[in-house]
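# Per-entry structural report
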Amino acid sequence: MPSTQLTHADRLLRRWLDHLVGAHTRSDHNIGGRADALVRAAAKSPPVSSTVTRTGRCQPSSASRRANTTGFARKGMTRRALVVAAALTGALALPAGAAAAGWSAPVAMASGFLAGSVSCPSATFCAAVGRGKAATSTDGGQTWTAATVDTTGGTNTFLESVSCTSASFCAAVDFNGNALTYNGFTWTTPTNIDGTNQLVSVSCTTGPFCIAVDGSGNAITYDGTPATWTATVDNIDGTKALSSVSCTTGPFCAAVDINGNALTYDSTTKTWTSWPSVDTTTNATLSSVSCTSSTFCIAVDSNGNALTYTGTTWTAPTPIDGTTGLDSVSCPSSSFCIAVDNSGNAVTSTNPSASPSTWAVGQIDGFSGLSSVSCASMSFCVAVDGPNALTYSGS
């Protein structure tokens, strides 16, 4: 792929911006237009250079993945698409479509806050992070209080991911290699745990035990008494860009990357097992993974597919959302999962490891792309689209 073309994540952002600024439909090879100009402004740099793998899948070059200001791992760019687009266009409230059963209409979060990631450990408490800010809700996502907690990158500070085990512990990571934790009252000062690498996802379970992953194939662990981030960065995936990690009781963790590979973590041996090429569908990037145990995980990709981990194998990708790119998935149990996509849909299943027909697609957010979803139970989930939060009651 020539470096003058847009990456997959850039195209997701451009498509969303097209709705906002009224740009006409263009081919992916046309890099002109108002939406593309906003993409460039958001990155403050030319497009990320890419290389083509032997399978034909485009991926950021290793130099781009390591460059702190110009390299955008797919997960981070997809999540920040909503944040940057809303900020640049002034879209602080978006028109809502007819909500699917069980979902509320979009509710504006704290003034000036644009969420890219959300975590809800209970039906009352949620935390969300976005462009240098964190917001918390103690009433099930109805109202939010936001504060600036990370200015390490100036106006380019993007908190990429947050994970909470309770109302008194959360961890968040940013695109500048920093991590910070929340104790129920305040956030710590950001601490660099990953040099100049771009942290894209963090997941925590009881302990607390957390693993953060970056766009350069590394994992960093938060553990011990008292818990601290490990001084040694563990390279688990070569130079590939990891996109998501999920940890559950055990602890057991699974991670996925933008090249269709998966990895699982064994806490007994403290080692990672690589599962190469679990997703070989054309141009697919694994965008999110959610695990409930060492024998059940669901991963989703940019082609609308889901894959299941059984403890011994990953199933083949199965289409659950047409060809729409899925951005996030959350499974509070092995009998319930919700995934959200970049077209405002929620895809729900009460038997997620079965056939694609067990997943139901519902429009919940007009044309707005949903960047993250978190479910505390089968009857409570929160999804975010940037400025808004939507809640699922299960009814």
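Residues numbered from 1 in each chain as written. Predicted model: local features only at pLDDT ≥ 70, side-chain atom pairs only at ≥ 80, totals over all residues. Heavy atoms only, no water.

### A closer look at the overall build of the protein
- Across its full length, the protein holds 4 helices and 31 strands.
- Residues counted as buried form 57% of the 395 residues belonging to the protein.
- Within the protein, contacts between residues at least 6 apart in sequence are counted, and of these 50% link residues at least 24 apart.
- Counting every atom, the protein has about 14,100 Å² of accessible surface; 53% of that belongs to carbon and sulfur. (Helix = DSSP H or I, 4+ residues; strand = E, 2+ residues; numbered from the N terminus. Buried < 20%, exposed > 50% of the residue type's maximum accessible area, 1.4 Å probe, protein only. Contact = heavy atoms within 4.5 Å. Areas by Shrake-Rupley, 256 points an atom, 1.4 Å probe, with all protein chains shown as cover.)

### Brief notes about the environment of V173
- Within the secondary structure, V173 is located in strand β9 (residues 169-174).
- You can call V173 buried: its relative accessible area is 0%.
- Spatially, the C-alpha atom of V173 lies 7.5 Å from that of A212, the residues being 39 residues apart in sequence.
- Setting aside chain neighbours within four positions, we find V173 in contact with F158, L159, E160, S161, N178, A179, L199, S201, V202 and A212.

### What about the sheet that holds strand β4 (residues 115-119)?
- Read across the open sheet, the 4 strands follow the order β4-β5-β6-β7; overall the sheet is antiparallel. Both edges of this open sheet fall to β4 and β7 (145-148), since each of them pairs with a single strand only. The sheet shows a mean angle of 20 degrees between the axes of neighbouring strands, taken without regard to direction.
- As defined by bridge partners, β4 adjoins strand β5 (residues 126-130) across 4 bridges and the pair is classed as antiparallel. (Pairing = 2+ DSSP bridges. Axes fitted to C-alpha atoms, helices over the stretch in contact; angles between N-to-C directions.)

### Examining the pairing of strand β10 (residues 178-182)
- In terms of burial, β10 is a largely internal element, 5 of the 5 residues being buried.
- Of the two faces of β10, the one carrying N178, L180 and Y182 and the one carrying A179 and T181 are both buried.
- In the sheet, β9 pairs with β10 via 4 bridges, with the strands oriented antiparallel. Among the inter-strand pairings, V173 is bridged to a residue of β10, identified as A179.
- What sits between the antiparallel neighbours β9 and β10 is a turn of 3 residues, in which G177 has the positive phi angle 85 degrees.
- Pairing of β10 with strand β11 (residues 191-192) involves 2 bridges; the strand directions are antiparallel. Opposite A179, over in β11, you have T191 as the bridge partner.

### Quick look at the nonpolar core
- Counting 15 residues, the largest nonpolar core has I211, V213, V245, C253 and W272 as its most contacted members.
- Among the elements of the structure, β13 (209-214), β17 (242-248), β18 (252-257) and β19 (262-266) are those that each provide at least two residues to this core.
- Apart from residues no more than four positions distant in its own chain, V213 is found in contact with Q198, L199, V200, S201, N218, A219, L242, S244 and V245. (Core = buried A, V, L, I, M, F, W, Y, C linked by side-chain atoms within 4.5 Å.)

### Brief notes about the packing of aromatic side chains
- Enumeration according to the criterion identifies 11 aromatic pairs in this entry.
- Ring geometry for F252 against Y309: centres 5.9 Å apart, planes inclined by 10 degrees, an arrangement best described as stacked. Of this pair, F252 sits in strand β18 while Y309 sits in strand β23 (residues 305-309), placing them 57 residues apart in sequence. Like F252, the residue Y309 is buried in the burial classification.
- Among the aromatic residues, ring-to-ring pairing joins F252, W275, Y309 and W314 into one connected group. (Phe/Tyr/Trp six-rings, centres within 6.5 Å; stacked < 30°, edge-to-face > 60°.)

### Some points on the sheet that holds strand β25 (residues 326-333)
- Judged by pairing direction, the sheet is antiparallel, and its 4 strands sit side by side in the order β25-β26-β27-β28 without closing on themselves. Of all strands in the sheet, those with a lone pairing partner are β25 and β28 (359-363), marking the two edges. The mean inter-strand angle of the sheet, taken between neighbouring strand axes irrespective of direction, is 20 degrees.

### Some words on unusual backbone geometry
- Following G207, the chain continues to P208 via a peptide bond in cis, the omega torsion being 0 degrees.
- By the secondary structure assignment, P208 is in the loop between β12 (199-205) and β13.
- Going from G250 to P251, the amide bond is cis rather than trans, its omega being -10 degrees.
- As for its position among the elements, P251 is in the loop between β17 and β18.
- Located in the positive-phi region is N283, a residue other than glycine, with phi close to 60 degrees.

### Some remarks on the side chain of T348
- Locating T348 in the fold gives a position in strand β27 (residues 345-349).
- In this structure, T348 is in contact with F336, C337, I338, T358, W359 and A360, ignoring residues within four places of it in sequence.

### Some words on the confidence of the model for the protein
- Put simply, the protein has an average pLDDT of 81, and 74% of its residues get 70 or more.
- Note that pLDDT drops below 50 for residues 1-78; the model gives that stretch 169 contacts with residues more than four away or on any other chain.
- Here residues 85-98 scores under 50 on pLDDT; set against residues more than four positions off or in separate chains, the count is 38 contacts. (pLDDT = per-residue confidence, 0-100.)

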